[in-house]
2 protein chains.
Amino acid sequence: MGRPRTFDIDTAVDRAMELFWRQGFEATSTEDLVESLGIARGSLYKAFGSKEQLYALALRRYCQRHAAGLTEVLDRAEQVRPAIRAVLLELMEADLADPERGCLLVNAATERSAHPDTVLQVSRTMGQVESALAGALERARVRGEIAADKQPQELAQFLTTFLQGLRVMGKARADRAFLNNAVEVALGALD
Amino acid sequence: MGRPRTFDIDTAVDRAMELFWRQGFEATSTEDLVESLGIARGSLYKAFGSKEQLYALALRRYCQRHAAGLTEVLDRAEQVRPAIRAVLLELMEADLADPERGCLLVNAATERSAHPDTVLQVSRTMGQVESALAGALERARVRGEIAADKQPQELAQFLTTFLQGLRVMGKARADRAFLNNAVEVALGALD
DNA sequence: ACAGTTGTGGACTGATCAGTCTCCTACTTC
DNA sequence: GAAGTAGGAGACTGATCAGTCCACAACTGT
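Reading the values: the criteria
- Residues numbered from 1 in each chain as written.
- Chains lettered and ligands numbered in written order.
- Predicted model: local features only at pLDDT ≥ 70, side-chain atom pairs only at ≥ 80, totals over all residues.
- Heavy atoms only, no water.
- Helix = DSSP H or I, 4+ residues; strand = E, 2+ residues; numbered from the N terminus.
- Contact = heavy atoms within 4.5 Å.
- Polar contact = N/O pair within 3.5 Å; in protein donor to acceptor, adjacent residues only side chain to side chain.
- UniProt positions renumbered as here; feature names shortened; annotations may be inferred.
- Core = buried A, V, L, I, M, F, W, Y, C linked by side-chain atoms within 4.5 Å.
- Buried < 20%, exposed > 50% of the residue type's maximum accessible area, 1.4 Å probe, protein only.
- Expected span 1.5 Å × (residues − 1).
- Near = heavy atom within 4 Å.
- Salt bridge = Lys/Arg side-chain N within 4 Å of Asp/Glu carboxyl O.
- Buried area = accessible area lost by both parts, 1.4 Å probe.
- Least-squares fit on C-alpha atoms with pLDDT ≥ 70 in both.
- Nonpolar A, V, L, I, M, F, W, Y, C, P; charged D, E, K, R; others polar.

### Observations concerning the environment of A:Gln23
Residues and elements named next belong to chain A.
Okay, step 1: Relative to the helices and strands, Gln-23 is located in helix α1 (residues 9-23).
Okay, step 2: With sequence-adjacent residues up to four places away left out, Gln-23 is seen in contact with Thr-28 and Asp-32.
Okay, step 3: Here Thr-28 takes part through its side chain, which lies 3.1 Å from a polar atom of the side chain of Gln-23.

### Notes on the UniProt feature "domain: HTH tetR-type" (unreviewed entry) in chain A
Okay, step 1: UniProt marks residues 6-66 of chain A with the feature "domain: HTH tetR-type" (unreviewed entry), using the numbering shown here.
Okay, step 2: Helix makes up 77% of residues 6-66 of chain A and strand 0%, whereas the separation of the span's terminal C-alpha atoms amounts to 29 Å.

### Focus: the nonpolar core
Okay, step 1: Ranked by size, the top nonpolar core spans 134 residues in total, and within it A:Ile84, A:Phe158, A:Phe162, B:Ile84, B:Phe158 and B:Phe162 carry the most contacts.
Okay, step 2: Excluding residues within four positions of it along the chain, A:Phe158 makes contact with A:Ala186, A:Ala189, B:Phe158, B:Phe162, B:Ala182, B:Val185 and B:Ala186.

### Notes on helix α5 (residues 80-97) of chain A
All names here are of chain A.
Okay, step 1: Along its 18 residues, α5 runs 26 Å from first to last C-alpha, staying within 8% of the 26 Å computed at 1.5 Å per residue.
Okay, step 2: For α5, every residue scored as buried is listed here: Val-80, Ala-83, Ile-84, Val-87, Leu-88, Leu-91, Met-92 and Asp-95.
Okay, step 3: Where α5 is buried, its residues touch α4 (51-76), α7 (116-142), α8 (152-171) and α9 (176-187).

### Some thoughts on the side chain of A:Arg112
Residues and elements named next belong to chain A.
Okay, step 1: Locating Arg-112 in the fold gives a position in the loop between α6 (104-111) and α7.
Okay, step 2: At 3.4 Å, the side chain of Arg-112 forms a polar contact with the side chain of Thr-118.
Okay, step 3: Sequence-distant contacts of Arg-112, that is, excluding residues within four places in its chain, are made with Phe-25, Glu-52, Tyr-55, Asn-107, Thr-118 and Val-119.

### Topic: the environment of A:Ala189
Okay, step 1: Tracing the chain through its elements places A:Ala189 in the segment after α9.
Okay, step 2: What makes A:Ala189 buried here is its relative accessible area of 15%.
Okay, step 3: Not counting residues up to four positions away in its chain, the partners in contact with A:Ala189 are A:Lys150, A:Leu155, A:Phe158 and B:Val185.

### Let's talk about the protein's contact with DNA strand D
Okay, step 1: For DNA strand D, the set of nearby residues contains 24 residues, the closest of which are A:Gly2, A:Thr6, B:Thr30, B:Arg41 and B:Lys51.
Okay, step 2: For DNA strand D, the backbone makes up 60% of the atoms found within 4 Å of the protein, where backbone means sugar plus phosphate.
Okay, step 3: Take B:Arg41: an N or O atom from its side chain is 2.6 Å from a base oxygen of DNA strand D.
Okay, step 4: Between DNA strand D and B:Tyr45, the relevant distance is 3.1 Å, taken from a phosphate oxygen to a side-chain nitrogen or oxygen of the residue.
Okay, step 5: Per element, the largest residue contribution to the surface near DNA strand D is 4 residues, and it comes from helix α3 (residues 41-48) of chain A.

### Quick notes on the pattern of salt bridges
Residues and elements named next belong to chain A.
Okay, step 1: Under the defined criterion, the tally for this structure stands at 34 salt bridges over all chains.
Okay, step 2: Across the salt bridge formed by Arg-85 and Glu-184, the nearest N and O atoms sit 2.6 Å from each other. On the criterion of sequence distance, the pair formed by Arg-85 in helix α5 and Glu-184 in helix α9 is long-range, its members being 99 residues apart.
Okay, step 3: Connected through salt bridges with shared partners, the residues Asp-10, Asp-14, Arg-61 and Arg-65 form a single ionic network.

### Some words on the interface of chain B and chain A
Okay, step 1: Taken together, the contacts link 37 residues of chain B with 37 residues of chain A.
Okay, step 2: Together chain B and chain A conceal approximately 3,200 Å² of surface at their shared face, both sides included; 72% is due to carbon and sulfur atoms.
Okay, step 3: The three residues of chain B that bury the most area against chain A are B:Thr110, B:Thr161 and B:Val185, which together make up 18% of that side's buried surface.
Okay, step 4: For the pair chain B and chain A, the interface holds 0 salt bridges.
Okay, step 5: At the surface where chain B touches chain A, the tally comes to 11 residue pairs in polar contact (both at pLDDT 80 or more).
Okay, step 6: Those elements that provide at least two residues to the side of chain B that touches chain A are α6 (104-111), α7 (116-142), α8 (152-171) and α9 (176-187) of chain B.
Okay, step 7: Ranked by the residues each element gives to the side of chain B that touches chain A, the list is headed by α8(B), at 13 residues.

### A look at the environment of B:Leu88
Residues and elements named next belong to chain B.
Okay, step 1: By the element assignment, Leu-88 lies in helix α5 (residues 80-97).
Okay, step 2: Sequence spacing of Leu-88 and Leu-74 is 14 residues, and the spatial spacing of their C-alpha atoms is 12 Å.
Okay, step 3: Apart from residues lying up to four places away in sequence, Leu-88 is in contact with Phe-162, Leu-163, Leu-166, Val-183 and Leu-187.

### Description of the relation of the copies chain B and chain A
Okay, step 1: Superposition record for chain B on chain A: RMSD 0.1 Å, screw rotation 180°, translation along axis 0.0 Å. Given the turn and translation reported, the copies of this chain are related as if by a two-fold rotation axis. Minimal C-alpha distance to the rotation axis in chain B is attained by B:Gly165, lying at 1.7 Å.

### Some details on the protein's contact with DNA strand C
Okay, step 1: The local shell around DNA strand C holds 24 residues, among which A:Thr30, A:Arg41, A:Lys51, B:Gly2 and B:Thr6 are the closest.
Okay, step 2: Counting only the atoms of DNA strand C within 4 Å of the protein, the fraction contributed by sugar and phosphate is 61%.
Okay, step 3: Between a phosphate oxygen of DNA strand C and a main-chain N or O atom of A:Thr28, the distance comes to 3.4 Å.
Okay, step 4: Here a phosphate oxygen of DNA strand C and a side-chain polar atom of B:Thr6 are 2.7 Å apart.
Okay, step 5: Contributions of two or more residues to the surface near DNA strand C are made by α3 of chain A together with α3 (41-48) of chain B.
Okay, step 6: Top element by residues in the surface near DNA strand C is α3(B). It accounts for 4 residues.
Okay, step 7: A class-by-class count of the residues in the surface near DNA strand C yields 7 nonpolar, 10 polar and 7 charged.

### Things to note about unusual backbone geometry
Residue and element names in this part refer to chain A.
Okay, step 1: Look at Arg-173: it is not a glycine, yet its phi comes out positive at around 65°.
Okay, step 2: One can find Arg-173 in the loop between α8 and α9.
Okay, step 3: A relative accessible area of 32% places Arg-173 in the partly exposed class.

Written out as structure tokens, the structure reads:
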């Protein structure tokens, strides 16, 4: 069986995710990873193979949490509209609190658009975000919470797009009033 | 007076802009720049000082063109609403045609959010975009093209945010139908 | 034509890059 | 407790990084 691993893989991936999130792929060196993960280079390469593969793992985990979190909030919600507002405002607050981080999904989409694996992961996750929103909006439509002539999928595609813009403006240091106005106008699309 | 420069500074900045646009700051090496600009390292450093300064120049130029282009289109327009649609669709087409490039402004906002100079340049340009839109919308409101109870600034902040999202979704390889739906829903905010 | 000045090209620098190798340690199984 | 196995630590690799240096070229003013 051999010597057991003295570090936790999940914890290590979380720390790597934090670094890539904050600094991007290119600006994060393997030295940064070794320091922050608290393990030696040899162990890092034995466990994860390469910087690219560790990035892929970290991104996949972020995407899963991101999509799962959104789906859960929308599924739980009794009313869809306040739930969507809550989601947008929560992410807005995250950006205001820590603008250097932003959204790893957006960072990945922009920094690594020449890397097919990353692009695929990003676009799949965007699809999940869209689906979660479309599902919630469809339920809202059936319940009469939004007008019957609205197309849930079109609204979902709009909201998915708007959400990414919100994250970009958060990184660009737009202030709370600006972002709040943007969110309120966007929510007007549901009327 | 000394030996005259044998390359054109403006052309060199344009080529650097293209490289940074496509690859980002970190992934572009000085070797790439030397090759693409067709000048020697010594000349590059004598003319531009450092990779950072050349990036700053390239970004500033992009921002100026971006803001000026938008302002001009909106100022020329007889009707504001079709002009805004045209702007959004034009940028959408640019992303569909060349998704690896996207928008340098968005790329800069996400990749370099830890660099104050870049952040300042980006946020100033976002402000210009907002102003251009707000000005056009105010004129539209006065002319009765949009409802009198709409707030031009709020709409402008929304559209500015949405626009950045459109560029991100373009990079994430969303298809034309998706982006088109998003744009049409967004334009609904003007109703 | 000569002095002064500034751009050019490319060799060169030390630092850092991602990734490998090897010796050592710590565990399981029998 | 011995044999077998797998992780840990960190020195090491060649490549590449951003940036410097300097001998030389090409121009201006006198």
